[in-house]
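Examining the three-dimensional arrangement
Chain residues, written in single-letter form:
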Amino acid sequence: MTAYDSNNIFAKILRGELPCYKVYEDEHVLAFLDIMPRSPGHTLVIPKAPSRNILDITEEDYLHVARATRKIAPAAMATFKADGVTVQQHNEPASGQVVFHLHVHIMPRQDGVALLAPASRKEDPKVLEEHAARLSAALRG
Ligand code: 5GP
């Protein structure tokens, strides 16, 4: 399997070299908004440990991501008044992975509304700012 490349975009976000619309952080994970959301509130959860995808992440680090996903998904549903939520995670290009640091997609869904195609529309930064503020406030409880 291809080795982890520490120059990927999410590794740069973790190191603070690139900005993000942060919604949640703890010792083990960071969650932030996707800048090309497939639905309003589309959030990405990543481990702080350098992992390419499910094929190289340790069980412990994967469980940290799963725990955060379980915490964020219902908060995202409530914040964006969604009817459901899609949780998705890609591994290797054949599956649709384009950023090679493991990430789980949390996409709030409305009844009868399809997801936008991946990377089809860059969201307005003001909207992302407002969405991140609302979701992070909900997660702070
Ligand atoms: P994948 O297809 O690898 O599972 O998903 C990669 C995701 O990263 C896509 O949904 C894409 O919109 C998102 N993305 C790409 N570049 C950036 C970026 O610079 N910042 C953020 N927040 N998301 C990004």
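The following paragraphs examine the structure supplied in this document. (Residues numbered from 1 in each chain as written. Predicted model: local features only at pLDDT ≥ 70, side-chain atom pairs only at ≥ 80, totals over all residues. Heavy atoms only, no water.)

**A short note on the site of the ligand**
Taken together, 15 residues are adjacent to the ligand, and D34, H90, G96, V98 and H103 come closest. Within the contact set of the ligand, an oxygen atom lies 2.7 Å away from a backbone nitrogen or oxygen of G96. V99 is positioned with one of its backbone polar atoms (N or O) 3.0 Å from an oxygen atom of the ligand. Protein chains shield 89% of the accessible area of the ligand, which is 520 Å² for the free molecule. If you map the ligand onto the pockets, it falls in the largest pocket. Within the residue set of the shell around the ligand, elements represented by two or more residues are α1 (9-14) and β2 (29-33). Taken together, the residues of the shell around the ligand sort by class into nine nonpolar, five polar and one charged. (Near = heavy atom within 4 Å. Polar contact = N/O pair within 3.5 Å; in protein donor to acceptor, adjacent residues only side chain to side chain. Areas by Shrake-Rupley, 256 points an atom, 1.4 Å probe, with all protein chains shown as cover. 1 Å grid on protein atoms, 1.4 Å probe; cavity = no way out; pocket = protein on both sides within 12 Å on 5 of 7 lines; lining within 4 Å. Sits in = over half its atoms within 2 Å of the grid points. Helix = DSSP H or I, 4+ residues; strand = E, 2+ residues; numbered from the N terminus. Nonpolar A, V, L, I, M, F, W, Y, C, P; charged D, E, K, R; others polar.)

**So, the packing of aromatic side chains**
Evaluation of the coordinates by the stated rule reveals one aromatic pair. Here the aromatic rings of F10 and F32 are separated by 5.3 Å at their centres, their planes lie at 75°, and the arrangement is edge-to-face. Within this pair, whereas F10 is found in helix α1, its partner F32 is found in strand β2, the two being separated by 22 residues in sequence. Judged on exposure class, the residue F10 and its partner F32 are both buried. (Phe/Tyr/Trp six-rings, centres within 6.5 Å; stacked < 30°, edge-to-face > 60°. Buried < 20%, exposed > 50% of the residue type's maximum accessible area, 1.4 Å probe, protein only.)

**Notes on the pairing of strand β3 (residues 43-47)**
In terms of burial, β3 is largely enclosed, as five of its five residues are buried. With five bridges joining them, β2 and β3 adopt antiparallel strand pairing. Bridge assignment links F32 to a residue of β3, and that residue is L44. Across three bridges, the pairing between β3 and strand β5 (residues 104-109) is antiparallel. Directly across from T43, in β5, lies its bridge partner I106. (Pairing = 2+ DSSP bridges.)

**Quick word on the nonpolar core**
In this structure, V23, Y24, V45, I72, L135 and L139 are the most contacted members of the largest nonpolar core, which totals 21 residues. Counting only elements with at least two residues in this core, the list comes to β1 (22-25), β2, α2 (59-79), β5 and α3 (125-140). In terms of residues, this core owes the most to one element, α2, which gives six residues. (Core = buried A, V, L, I, M, F, W, Y, C linked by side-chain atoms within 4.5 Å.)

**Observations regarding the sheet that holds β3**
Read from one edge to the other, the open sheet built from five strands follows the order β1-β2-β3-β5-β4, with strand pairing classed as antiparallel. The open sheet has two edge strands, β1 and β4 (84-88), and neither has a second partner. Taking the axes of each pair of neighbouring strands and ignoring which way they run, one obtains an average angle of 20° across the sheet. Sitting on the sheet, α3 is in contact with β1, β2 and β3, with an inclination near 30° to β1. (Axes fitted to C-alpha atoms, helices over the stretch in contact; angles between N-to-C directions. Contact = heavy atoms within 4.5 Å.)

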